[in-house]
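# A look at the structure
Residue-level listing of the chains:
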Amino acid sequence: DGGITQSPKYLFRKEGQNVTLSCEQNLNHDAMYWYRQDPGQGLRLIYYSQIVNDFQKGDIAEGYSVSREKKESFPLTVTSAQKNPTAFYLCASSITGGYTFGSGTRLTVV
Amino acid sequence: AQRVTQPEKLLSVFKGAPVELKCNYSYSGSPELFWYVQYSRQRLQLLLRHISRESIKGFTADLNKGETSFHLKKPFAQEEDSAMYYCALDGNTGFQKLVFGTGTRLLVSP
């Protein structure tokens, strides 16, 4: 079953802790993306990667970090510097013709 | 700068009524426009893109460059159309990087 897998589905983090969200795809897509989805604000781009070992900041990269060591994987770390991390995080990949999205991770800071 | 505006947060109609979800964009070049849909408890998925000129699930959208709009229309709404709809723009610069609107929730009542 080809697609994008995000894990975990729900994640709770204590204030001051870093946490890493997983995103894996088996679609052989070069490009991968992380978006944050908040009510009333739509999807905002955090980071994106065009190819392995390369990534670029999106519109709201502060407090986040990524890596792209393998084509299939694009993990997102939410650091303690992110002031408002509670949100729904979506990973996507693309080749041409539109994105394929994962099912998302809901992060809650407690 | 690229921007997508969806002026309605919520659109409520009765089954069988026509539907129009508005989308306006600002971009100086020749963008590619998309509509994405998120049904309850499902992942975000591509509904249609302007260059394919398809009709998906009875929905159509025409790119109006003069009015910089890409409104989504359906002549007769069905209850299963209830979902969150996002309009998105790609600057067509060679690498796909979508800018999303804030979304419109469509509620179709029986």
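All figures in this text were calculated on a predicted structure; none of them were measured in a lab. Sequence order as written defines the numbering, with residues in each chain counted from 1. Key to labels: chains lettered from A, ligands numbered from 1, both in the order written. At least 70 in pLDDT is required for a residue's local features to be given in this predicted model, at least 80 for side-chain atom pairs to be given and counted, and no such filter applies to totals for whole chains, interfaces and linings, which use all residues. Hydrogens are left out, water is left out, and the side-chain values use all remaining heavy atoms of the structure.

### Brief notes about the nonpolar core
Residues and elements named next belong to chain B.
- The definition of a nonpolar core used throughout is a set of buried Ala, Val, Leu, Ile, Met, Phe, Trp, Tyr and Cys residues joined through side-chain atoms within 4.5 Å. Remark: exposure states derive from per-residue accessible area (1.4 Å probe, protein chains only) relative to the maximum for the residue type, with buried under 20%, exposed over 50%, and partly exposed in between. Counting residues in hydrophobic clusters, the biggest one holds 24 residues, and the most contacted among them are Trp35, Leu72 and Tyr85.
- Those elements that place two or more of their residues in this core are strand E2 (10-14), strand E3 (19-21), strand E5 (32-38), strand E6 (45-49), strand E9 (83-90) and strand E11 (104-109).
- Note on definitions: a residue-residue contact is assigned when non-hydrogen atoms from the two residues lie within 4.5 Å. Apart from residues lying up to four places away in sequence, Leu72 is in contact with Val19, Glu20, Leu21, Trp35, Leu47, Leu48, Phe59, Thr60, Ala61 and Tyr85. Helix numbers and strand numbers start at the N terminus; a helix is a DSSP run of H or I with at least 4 residues, a strand a run of E with at least 2.

### A look at the sheet that holds strand E7 (residues 60-61) of chain B
Residue and element names in this part refer to chain B.
- Strand order in the open sheet made by the three strands is E3-E8-E7, with antiparallel pairing throughout. In the strand order of this sheet, the two ends are held by E3 and E7, each with one partner.
- In terms of strand pairing, E7 meets strand E8 (residues 72-74) through two bridges, oriented antiparallel. Following the sheet pairing, Ala61 is matched in E8 by Leu72. In this analysis, strands are considered paired if DSSP registers two or more bridges between them.

### A short note on unusual backbone geometry
- Cis peptide bonds are those with omega within 30 degrees of zero, and the linkage from Ser7 of chain A to Pro8 of chain A qualifies with -10°.
- One non-glycine residue, Asn53 of chain A, lies in positive phi territory at about 65°.
- For Asn53 of chain A, the position within the fold is in the loop between strand E5 (42-49) and strand E6 (56-57).
- Taking the relative accessible area as the measure of exposure, Asn53 of chain A reaches 61% and is therefore exposed.
- Positive phi, close to 45°, is recorded for Thr68 of chain B, a residue that is not glycine.
- Mapped onto the elements, Thr68 of chain B comes out in the loop between E7 and E8.
- For Thr68 of chain B, a relative accessible area of 27% corresponds to the partly exposed category.

### Notes on a nonpolar patch on the surface
- Any residue with relative accessible area above 30% and no salt bridge may belong to a patch, with like charges joined within 9 Å and the nonpolar Val, Leu, Ile, Met, Phe, Trp and Tyr side chains within 5 Å. Accessible areas in this description were obtained via Shrake-Rupley with a 1.4 Å probe; residue shielding takes into account the shown protein chains only. Think of a salt bridge as a Lys or Arg side-chain nitrogen and an Asp or Glu carboxyl oxygen that are within 4 Å of each other. On the surface, Tyr10, Phe12 and Val110 of chain A cluster together into a nonpolar patch covering about 390 Å² of accessible area.
- Structurally, Tyr10 of chain A can be placed in strand E2 (residues 10-13).

### Let's talk about the interface of chain A and chain B
- Each side of the interface is counted separately: chain A has 22 residues, and chain B has 15 residues.
- Any N or O atom pair separated by 3.5 Å or less is treated as a polar contact, with the protein-specific requirement of one donor-capable and one acceptor-capable atom, and with residues adjacent in sequence counted only for side-chain atom pairs. Our enumeration of links across chain A and chain B arrives at eight residue pairs in polar contact (both at pLDDT 80 or more).
- Mapped by element, the contributors of at least two residues to the side of chain A that touches chain B are strand E4 (31-38), E5, strand E9 (87-94) and strand E10 (99-101) of chain A.
- Per-element accounting of the side of chain A that touches chain B gives the leading share, five residues, to E5 of chain A.
- In terms of residue class, the side of chain A that touches chain B is built from 11 nonpolar, 11 polar and no charged. Three residue categories are used. Nonpolar comprises Ala, Val, Leu, Ile, Met, Phe, Trp, Tyr, Cys and Pro, charged comprises Asp, Glu, Lys and Arg, and polar comprises the others, including Gly.

As far as function goes, none of this settles anything; it's purely spatial.
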